[in-house]
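Structural description and commentary
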Amino acid sequence: MGGQLYLASTSPRRRTLLRAAGLGFVEHPPGPEPAGTGSPAELAIERARHKALGAPTPASPGWILGVDTVVAQGSREFGKPVDAAEAARMLGILRGDEHLVYTGHALVESHPESGCQPRILTALAESRVRCRDFSEAELESYLASDEWQGKAGGYGIQGLAGSFMSLQAGALDTVIGLHIPAVRNLLGEVS
């Protein structure tokens, strides 16, 4: 890959996944995340593209990686809850059922040649998660932890929610918010 990899994300989970995979990067502010339209899978890709394309241009040439994770049950998307009551509603709907998690990745060239459009590559990863039928006491305890904040669907499978969420198919890192094989494949395409 020519140039530096810039991670356009504020997520510590994504930084941790990249570091654990031995992939060097520079933290970079993401562009805005639009509401978007389309299927949950399309939304994950569209939002990842916007985060990468809307990021400030870095000083040095390289590639900007935008990432977005969407939790969905059928065509219904579960975004980041604004408060504990919304998190409780989301988790109540997911309780006792399976849902899909899509993580979209967009790699955007940060300094294209003069007069050229930046190259944009995208990849989508999908995992299936089961939420067991947890008790009201478990839900209250989880909500009190505030771990639901800033997480699609109101949960992070790598934290306390791992006691009632379980991976059924796909990769755990997709559910956490960045699929390392997808990132490696994208980087391989620009090498």
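Note that the coordinates shown come from a computational prediction; the quantities given were computed from them, not determined experimentally. All residue numbers refer to position in the chain's written sequence, counted from 1. Selection of residues for local features in this predicted model requires a pLDDT of at least 70, selection of side-chain atom pairs for listing and counting requires 80 or more, and totals for whole chains, interfaces and linings are taken over all residues. As a rule here, side-chain values come from all non-hydrogen atoms in the structure, and water together with hydrogens is ignored.

1. Some points on the overall build of the protein
Numbering of helices and strands runs from the N terminus; a helix is a DSSP stretch of H or I covering at least four residues, while a strand is a stretch of E covering at least two. A tally of regular secondary structure across the protein gives six helices and seven strands. Computation of the radius of gyration draws on C-alpha atoms, with the globule rule given as 2.2 Å multiplied by the number of residues to the power 0.38. Since a compact globule built from 191 residues should have a radius of gyration of about 16 Å, the 17 Å found for the protein is in line with a globular shape. Principal-axis analysis of the C-alpha atoms places the extent of the protein at approximately 60 × 35 × 25 Å. Contact between two residues is taken to exist if any of their heavy atoms lie within 4.5 Å; hydrogens are not considered. A separation of at least 24 residues holds for 68% of the contacts in the protein among residues at least 6 apart in sequence. Each accessible area is a Shrake-Rupley estimate made with a 1.4 Å probe; only the visible protein chains count as cover when residues are assessed. Split by element, the accessible area of the protein, about 8700 Å² in all, is 50% carbon and sulfur. We treat Lys and Arg as the positive residues and Asp and Glu as the negative residues; His and chain ends play no part in the count. Positions of charges follow a simple convention, taking NZ of Lys, CZ of Arg, CG of Asp or CD of Glu. With 17 positive and 21 negative side-chain charges, the protein shows a spacing of 3 Å between the two charge centroids.

2. Overview of the nonpolar core
Most often, soluble globular proteins keep nonpolar side chains buried together rather than apart. Among the buried residues, those of types Ala, Val, Leu, Ile, Met, Phe, Trp, Tyr and Cys that are joined through side-chain atoms within 4.5 Å form a nonpolar core. To sort residues, take the accessible area from a 1.4 Å probe on protein chains only and compare it with the maximum for the residue type: under 20% means buried, over 50% means exposed, and anything in between is partly exposed. If you look at the biggest cluster of nonpolar residues, it comprises 42 residues, and the most contacted ones within it are Tyr155, Met165 and Leu178. Take this core: its biggest share by element is five residues, from helix H6 (residues 180-189). Excluding residues that lie within four positions of it along the chain, Leu178 makes contacts with Leu7, Arg14, Leu17, Leu18, Leu65, Val67, Thr103, His105, Asp173 and Val183. Counting eight residues, the second-largest nonpolar core is a separate cluster that includes Ala8, Ala55, Ile64 and Val108.

3. Overview of the pattern of salt bridges
We count a salt bridge whenever a side-chain nitrogen from Lys or Arg sits within 4 Å of a carboxyl oxygen from Asp or Glu. Counted under the stated rule, the structure contains nine salt bridges. Note that Lys51 and Asp68 form a salt bridge whose closest N and O atoms lie 2.9 Å from each other. Here Asp68 lies in strand S3 (residues 62-73) and Lys51 lies in helix H2 (residues 40-53), a separation of 17 residues in the sequence. Judged by relative accessible area, which is 2%, Asp68 ranks as buried. Here Glu136 and Arg95 are joined by a salt bridge, their closest N and O atoms 2.8 Å apart. Within this pair, whereas Glu136 is found in helix H4 (residues 136-145), its partner Arg95 is found in the loop between helix H3 (84-94) and strand S5 (97-109), the two being separated by 41 residues in sequence. Here Glu136 falls in the partly exposed class, since its relative accessible area comes to 45%. A single network of salt bridges, built from pairs that share partners, joins Arg15, Arg19 and Glu27.

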